[in-house]
2 protein chains.
Amino acid sequence: MNDQVKNTGLDEAIAAVAARESVTEFYFVACGGSNALLMQGQYIMDREAKGVAAYSYSSAEFLARAPVRLGKNSVVVTCSHSGNTPETIAATRYAREAGALTIAFTHKPESELDEAAEKSIYYEFDPLTVGEKHNALLLVQLVLGSLKELEGNTKIDQVKAALPTLHDKAEKVKAAHADNAKAWAESYKREPVIYTMSSGSCYSIAYSFAICLLQEMQWVNSAAIHSGEYFHGPFEITDFDTPFIVLKTLANSRKMDERALAFAEKYSKRLLVLDAEEFGVEEVAGDAAEYLVPIMFTALLRTYAVALSDSRGHPLTVRRYMWRMEY
Amino acid sequence: MNDQVKNTGLDEAIAAVAARESVTEFYFVACGGSNALLMQGQYIMDREAKGVAAYSYSSAEFLARAPVRLGKNSVVVTCSHSGNTPETIAATRYAREAGALTIAFTHKPESELDEAAEKSIYYEFDPLTVGEKHNALLLVQLVLGSLKELEGNTKIDQVKAALPTLHDKAEKVKAAHADNAKAWAESYKREPVIYTMSSGSCYSIAYSFAICLLQEMQWVNSAAIHSGEYFHGPFEITDFDTPFIVLKTLANSRKMDERALAFAEKYSKRLLVLDAEEFGVEEVAGDAAEYLVPIMFTALLRTYAVALSDSRGHPLTVRRYMWRMEY
């Protein structure tokens with residue numbers, strides 16, 4: 001499944017950020033799963049950046065909102081796997097015309113997005129595994145690498161030290177969950193609604209699992225619930241038969257997930273709980289681990305999605321509308 | 001239902017913003033319905049502010065994320081109707097200790113939130129109507145009033161000219177929809193899932209209807225889908241019997257809603273479409289109308305929610321967990 005990428009373009013992109021006269025804000029702009037992926041960029045910036053603001057938008061919203069501040073002090077990071085998502089290409093062009101530095105993530109060199117952006121980052125792709133050249137890990141390196149250049153932030157060093165260990169750590173946890181994934185899939189295959197829940201660095205993982213894996217690839221109703229918002233509306237939907245997938249994060253946000261989980265466990269008998277601590281990333285990355293667990297969850301959740309698709313007889317590749325018609 | 005508020009505190013809050021030596025960013029921080037309400041603040045800032053960044057967070061996420069940039073150049077706007085939401089009180093205290101100017105919206109003077117914030121804005125409350133002293137309209141005035149002081153932005157003048165007309169415009173549209181609301185409620189009363197969809201200034205309205213009205217007050221499964229994201233995952237859930245409530249916005253974002261609606265109309269027979277143009281706000285507010293239609297939708301949607309609750313025999317005041325236990 002992996003086309004090997006020799007030069008990702010990551011170093012050139014960071015150098016381009018460093019070469020800018022002034023950088024006051026990063027915009028992370030993409031659609032669907034790619035949008036979820038890039039949300040991580042804003043999260044890291046919020047947690048780490050002293051002098052750089054950060055925003056995350058779906059591409060069409062970014063174009064419609066047309067932020068007044070967008071200009072030569074802005075870096076706009078976009079992503080399209082195929083490189084041909086019209087809204088994301090348009091957003092990249094719009095940002096470049098406004099004077100922003102544009103950096104595009106894509107799996108397809110020479111795609112329209114690749115041509116539209118000033119700098120491109122090419123990634124390898126296999127959602128069932130964790131790879132150093134996968135988009136999520138290149139994004140973490142782009143953001144923290146840029147912050148090292150701009151502000152002397154050193155978290156990138158912790159990340160680089162941990163990177164070579166992540167693949168095996170993910171495989172180990174996946175193996176430990178293999179039986180549970182099958183049992184879960186059999187038990188949940190007829191559920192009409194499955195909610196996902198998380199917060200902090202992993203809310204975006206809950207979001208992409210809800211919209212891409214459940215709604216898009218399985219036609220199962222879903223919504224991502226933010227663990228902190230759960231108590232202010234959504235928790236009233238909880239009953240003994242309401243299914244939730246809860247991702248327990250690391251760091252400060254973990255308390256939110258624990259609180260939501262403690263409540264959900266009291267009133268629902270249909271919970272799948274996946275815990276970032278299982279991956280053992282903190283032991284190699286220290287307090288940068290919270291930026292590395294999202295991709296670990298992606299690989300682990302994918303094994304659950306594959307099991308669900310097997311039990312439902314509905315392959316993850318089936319679509320009724322996407323790619324099959326004009327829309 | 002309306003406790004009359006003599007002095008909202010709006011002018012004092014704007015004066016406090018103007019009196020700050022430097023304001024580089026606004027944080028909008030609250031939980032659930034109040035969080036949805038304040039999202040509007042970031043939207044307006046993105047559209048209008050040349051030199052002020054803006055963020056929107058759920059209170060617990062704000063506390064956990066602990067943005068590095070938060071400090072004396074920040075304004076943190078919070079909101080709790082009861083004034084006793086623990087996460088929002090904690091967020092207000094945290095921001096104030098960090099040196100930020102804190103401004104709290106609340107319906108309850110002398111509440112813990114009121115005491116925690118440097119400035120408070122008191123609002124009148126009746127979700128079935130539109131009032132000049134309702135929180136949504138005070139928020140628009142706080143943001144645009146601050147931008148007038150900080151940057152000379154003049155949109156506040158358009159808003160002020162339109163304010164006195166909004167109540168009657170909302171009543172007119174509500175009256176025109178009265179029969180349809182009842183028919184919709186009867187037809188949809190047994191739906192297990194109802195999606196909401198919008199974008200731009202009204203995405204937050206779709207969000208609050210999903211989490212507060214449907215999930216919380218009706219125990220109906222729901223999720224807010226962003227019209228631009230719809231085509232990148234969620235649209236695969238669409239079938240002839242998948243119910244959507246679509247809010248058509250004004251201005252740039254309208255095209256997104258129209259595109260999503262055109263698709264949804266082709267494949268679902270269960271659509272409720274509410275159109276911001278019906279309110280006639282543009283004729284009095286010009287291009288500031290997009291900031292005023294969210295509250296119009298709130299009042300109109302509330303009539304649909306009341307009708308739904310009647311048909312389902314499930315009053316909007318019923319809760320199984322909220323306020324009934326510790327959590």
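What you are looking at is a predicted structure, and each value in this text was computed from that prediction instead of being measured.

Chemist: Would you take a moment to explain the overall build of chain A for this structure?
Modeler: The secondary structure content of chain A amounts to 11 helices and 9 strands. Taking 20 Å as the expected radius of gyration for a compact globule of 327 residues, we find that chain A reaches 19 Å, a close match to that expectation. Over its C-alpha atoms, taken along the principal directions, chain A stretches across nearly 55 × 45 × 40 Å. A sequence separation of at least 24 residues applies to 74% of the contacts in chain A between residues at least 6 apart. The average position of the 33 basic charges and that of the 43 acidic charges among the side chains of chain A differ by 2 Å.

Chemist: What's the story with the sheet that holds strand β2 (residues 53-58) of chain A in this structure? I'm lost.
Modeler: Strand pairing in a sheet relies on backbone hydrogen bonds. The paired strands run either parallel or antiparallel. All names here are of chain A. Pairing is parallel across the open sheet formed by 5 strands, whose spatial order is β2-β1-β3-β4-β5. Edge positions in the open sheet fall to β2 and β5 (119-122), since each of these has one partner strand only. Sheet twist, expressed as the average angle between the axes of neighbouring strands with direction ignored, equals 20°. The sheet strands contacting helix α1 (residues 10-19) are β1 (25-30), β3 (74-80), β4 (101-106) and β5, and the helix crosses β5 at an angle near 150°. Contacting β1, β3 and β4, helix α4 (residues 86-97) runs over the sheet at an angle of about 165° to β3.

Chemist: Whenever I open this one, the relation of the copies chain B and chain A confuses me. Can you help?
Modeler: Both copies of the chain are placed relative to one another by a rotation about an axis and a shift along it. In screw terms, the move from chain B to chain A is a rotation of 180° and a rise of 0.0 Å along the axis, fitting with an RMSD of 0.0 Å. Both copies of the chain, as the preceding transformation shows, are related through a two-fold rotation axis. Residue Ala-223 of chain B of chain B places its C-alpha closer to the rotation axis than any other residue of that unit, at 2.6 Å.

Chemist: Help me out: how do you make sense of the pattern of salt bridges in this one?
Modeler: Side-chain pairing between opposite charges can occur once the charged atoms of the two side chains come close. Here the structure, examined in full by the defined rule, presents 42 salt bridges over all chains. Of the charged contacts, one joins Asp-46 of chain A and Arg-65 of chain B as a salt bridge, the two residues approaching to 2.9 Å between their closest N and O atoms. Separated into two different chains, Asp-46 of chain A in helix α2 (residues 32-48) and Arg-65 of chain B in helix α3 (residues 59-65) make up a pair that spans both. Residue Asp-46 of chain A shares its accessibility class with Arg-65 of chain B, and that shared class is buried. Between Arg-65 of chain A and Glu-61 of chain A there is a salt bridge, and its shortest N-O distance comes to 2.9 Å. Here the residue Arg-65 of chain A and the residue Glu-61 of chain A both occupy positions in helix α3 (residues 59-65), the gap between them amounting to 4 residues, near one helical turn.

Chemist: Which parts of the structure should I look at to understand the interface of chain B and chain A?
Modeler: Frequently, the measure chosen for interface size is the accessible area that the parts lose on association. Taken together, the contacts link 70 residues of chain B with 70 residues of chain A. Buried area between chain B and chain A, both sides added, is near 5,600 Å², and the carbon and sulfur share of it is 52%. Note that Arg-259 of chain B is salt-bridged to Glu-87 of chain A, the shortest N-O span being 3.2 Å. Linking chain B to chain A there are 56 residue pairs in polar contact (both at pLDDT 80 or more). Breaking the side of chain B that touches chain A down by element, the ones donating at least two residues are α2 (32-48), β2 (53-58), α3, α8 (203-218), β7 (224-226) and α9 (254-267) of chain B.

Chemist: It is not clear to me how the packing of aromatic side chains should be interpreted in this structure. Could you clarify?
Modeler: Where two aromatic rings form a pair, the distance of their centres and the angle of their planes describe that pair. All names here are of chain B. Per the stated rule, a full pass over the model turns up 53 aromatic pairs over all chains. With centroids separated by 5.8 Å and ring planes inclined at 65°, the aromatic side chains of Phe-231 and Phe-235 adopt a geometry described as edge-to-face. With respect to class, Phe-231 is no different from Phe-235; both count as buried. Their ring planes at 85° and their centres at 5.3 Å tell us that Phe-279 and Phe-297 sit as a pair that is edge-to-face. A residue pair is termed long-range when its members are at least 10 positions apart, and Phe-279 in the loop between β9 (271-275) and α10 (282-285) and Phe-297 in helix α11 (residues 293-312) qualify at 18 residues.

Basis of the calculations
- Residues numbered from 1 in each chain as written.
- Chains lettered and ligands numbered in written order.
- Predicted model: local features only at pLDDT ≥ 70, side-chain atom pairs only at ≥ 80, totals over all residues.
- Heavy atoms only, no water.
- Helix = DSSP H or I, 4+ residues; strand = E, 2+ residues; numbered from the N terminus.
- Rg over C-alpha atoms; globule rule 2.2 N^0.38 Å.
- Contact = heavy atoms within 4.5 Å.
- Lys, Arg positive; Asp, Glu negative; His and termini not counted.
- Charge placed at Lys NZ, Arg CZ, Asp CG, Glu CD.
- Pairing = 2+ DSSP bridges.
- Axes fitted to C-alpha atoms, helices over the stretch in contact; angles between N-to-C directions.
- Least-squares fit on C-alpha atoms with pLDDT ≥ 70 in both.
- Salt bridge = Lys/Arg side-chain N within 4 Å of Asp/Glu carboxyl O.
- Buried < 20%, exposed > 50% of the residue type's maximum accessible area, 1.4 Å probe, protein only.
- Buried area = accessible area lost by both parts, 1.4 Å probe.
- Polar contact = N/O pair within 3.5 Å; in protein donor to acceptor, adjacent residues only side chain to side chain.
- Phe/Tyr/Trp six-rings, centres within 6.5 Å; stacked < 30°, edge-to-face > 60°.

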